[in-house]
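# Summary of the model geometry
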Amino acid sequence: MGVRYLLLVVLGTVGALALARYFALGTAATAATLLPAMAPLYLAWAAFRHQAAGAGPVDLDLAADQLAHAVRRQWAAEARLRRVNDPYPLPVSWRGADAELVEPWSLLTYLPRAWPGGPPGDPAAWPADPAGLAGSGAQIGEVFSDRVPTGRLVVLGEPGAGKTVLLIRLLEDLCERRTAGGLVPVLFSLASWDPAREELTDWLAEQLRRSHPALRAPAAGTGGGLARALLDERRILPLLDGFDELPPALHPRALAAVNGALSAKQPVVLACRTDGYRAALARSAGAVRLNGAAGIQLLPLTAAQAAAYLRRDAGGPHAPAAERWRRVVSHLGTDTPVGQALSTPLGLFLARTIHNPRTFPQDPAHTTALPQDPARTTHDPHALPQDPARTTHDPHALPQDPAHTTSPGARGEPVPHPDTLCDPVAFPTRAALDTHLFNAFIPAAYAPYGPRPPRWTAERARHVLVFLARHLAAHHGGGSDLAWWEFHRAMGVGTLRLSSGLVSALAFGLGGGLAVGLVLGTGPGLATGGSGGLVYGGTVALLQRPSTPGTRPRLRRSSGRLRSGLSVGLAFGLAGGLAGGLAAGVAGGVVCGLAVGFAGALVGGIGVEKPDLTTAIGPGTLLALDRRTFLVIGTAAALVVGLVYALGVLFAGGLLGGLVVGIGGGLAAGLATGPLPTAWADFLLAKAYLAVRHRLPWNLMAFLRDAHEQRGVLRQAGAVYQFRHIDLQRHLAAGAPGAVAGAPQSRPFP
């Protein structure tokens, strides 16, 4: 309210002065009108200062409770989109980790007893040795909370073993166990952390602020806001996923950084591939490991577990579609490529997506299937009826072309048969079969027979996904975070600066030239617009720096942006004013330029954002907030510039109007450079550039959202998207884009 009242009083005062000038009121009458406004003006300024300073002490217990609510909702939604519970959670099992990878059990039971205040849990619940950490599925919460003496755990497993999903289940369990004021489990993806440049706690705080903008609010005793206060007071339980996605050379440094950043009593969970963690310990000269941590090793799925899951996903053990898996089931639990590949949750997910598609007929009148022998039915049980001549082949006979063995889908589209996975000629090794599964996953995810047919063909989707994977490899060191505000890296620094300069020059030239032209005529308008646009565009190109989403939790002042708005506003205000109205005298230009520059500093120091700690925001919401910040501040700038234009014409007229119009253009430049620390403009430039070059679709955010919510190709981690699995990302980045069989051959994005 303070800033709104302040702006209303200022605008009212300026309007009163304008009316006094227009009606030629005397000095005494004008003063008598304005003097009563001094007290409200002071109150408005005081209210603004109080609002900018913050609302006093922060209740960390309340903040933690609200954050826990947001985290629980966030990951419940993500688990649904990842189909963790469809048809049911896979019963991933684990045992105690190898002794050389973790602390001795005797040390783990000694450490908490030596802590000030004693152990956090009940020592009677601690097992006698690491073998007591073994468990399965939903037991992960009880194992971590009751059986790990120090509250520190390393989760190890092979690629695709289910480490991330186990962390999600742990987070959900901890949220259910949590009491008011307790620790808040938060899942962090370490892929974007650079331990060589950024301290872990600073990085964690920034991730929290980005996913939960309300945590940017100031907190007493810390310069990092509410997010840093929660970390410093040990209110956050970090679940650190994807340690192996960091460059291997940084693993020892990263482990040392985690040990140095987190106190001994700070609970933490770290997930990593077994080989990666073992190599990190071997690579470090001092055998650095996660201090005070126990460890568990995820186990492969048993043949019975995998078979039951595939049959249930196909409709149940007695469903006709489940019969299609008979041959695959006979290989589970063996050393064959298909037996090895389907021993992990990732392999099962890929196989069921490809061979157990969800098909839905469009016309209810055609949902009755032709009677078939269940043992010989080869099409999806929910599919539209087909010509019997096309559905009578032997489902157990290996096809001649394993890559294209099909049965009809809901609209007659081909659905690959699971028997293709058992062909030792086509897939002699597990690596060959894994490659096949990744290759077939994208066409299956974008198949037209699902419940929500995609807007993009499989060919076009693959084109975009390959570009995104290669973008991460080329510009992010193979990291996994697809952040919309970093797509400008695909343009290159030079191209970004040139594009920003051209757009800025065009906008400034048109706006300033039109304003001057309306007052002084076409000739001066063209001259001012051309010269001003050239100067402003060149300045923007030289000073261009990529931005991150620049939101604030409420209307507040920013000294840096005040200085920026002031300096640039003065420079362009004076330059434009003197160029447009030199005939009216230098003094007038200087005075007006100073006034406009200070006005630019006032507006430039204000940022906007609506906080809500109970809701985590995703990439689309963060983009909307950033766009709104851009538009709100831009609108405020436009109002100020318009006011300056109006006053210039009203007060000066003639050539002096050119001076004020020039200063108004300068103010626009100052406000555009100082108070707009948003990434939205850079994103628009990058998206347009890449769309014109047929790299990405124009509606990029819609594509990413669809790939996450409907196709299961991407996952969401806070405010960024990631590929469903790092191995899928690496497969797409390494392989040739290629064309998807059966897809139309056309330009990806015409």
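This structure is a prediction, so every number in the text was calculated from the model and none was measured. (Residues numbered from 1 in each chain as written. Predicted model: local features only at pLDDT ≥ 70, side-chain atom pairs only at ≥ 80, totals over all residues. Heavy atoms only, no water.)

Now for the pairing of strand β1 (residues 93–96). Relative to strand β2 (residues 135–136), β1 runs antiparallel, the two sharing 2 bridges. What sits directly across from S93, in β2, is S136. Here 3 bridges tie β1 to strand β7 (residues 294–298), and the two strands are oriented antiparallel to one another. Bridge pairing links R95 to Q297 in β7. (Pairing = 2+ DSSP bridges. Helix = DSSP H or I, 4+ residues; strand = E, 2+ residues; numbered from the N terminus.)

A complete count under the given rule lists 4 cavities of 30 Å³ or more for this structure. By volume, the largest cavity is sized at about 580 Å³. Lining the largest cavity are 29 residues, with G162, T164, V165, P345 and L346 sitting closest to its centre. Counting only elements with at least two residues in the lining of the largest cavity, the list comes to α7 (163–177) and α16 (345–355). Counting residues per element, the lining of the largest cavity draws most heavily on α7, at 5 residues. In terms of residue class, the lining of the largest cavity is built from 13 nonpolar, 5 polar and 11 charged. Roughly 60 Å³ of volume is contained in the second largest cavity. Lining the second largest cavity, in full, are W75, R82, T164, L187, F188, S189, D241, R715, A717 and Q722. (1 Å grid on protein atoms, 1.4 Å probe; cavity = no way out; pocket = protein on both sides within 12 Å on 5 of 7 lines; lining within 4 Å. Points joined across faces, edges and corners; volume = space filled by probe spheres on them. Nonpolar A, V, L, I, M, F, W, Y, C, P; charged D, E, K, R; others polar.)

Here the focus is the packing of helix α17 (residues 430–445) against helix α27 (residues 726–734). Two numbers describe a pair of packed helices, the interaxial angle and the distance between the axes. Here α17 crosses α27 at 85°, and the two axes come no closer than 11 Å. Taken as axis vectors, α17 and α27 run roughly perpendicular relative to one another. Each of T435, F438, N439 and F441 in α17 lies in contact with α27, whose residues at this interface are D727, L728 and H731. Here the contact of α17 with α27 is built from residues that sort into 3 nonpolar, 3 polar and 1 charged. (Axes fitted to C-alpha atoms, helices over the stretch in contact; angles between N-to-C directions. Parallel < 35°, antiparallel > 145°, perpendicular 65-115°, else oblique. Contact = heavy atoms within 4.5 Å.)

By themselves, these figures tell us nothing about what the structure is for.
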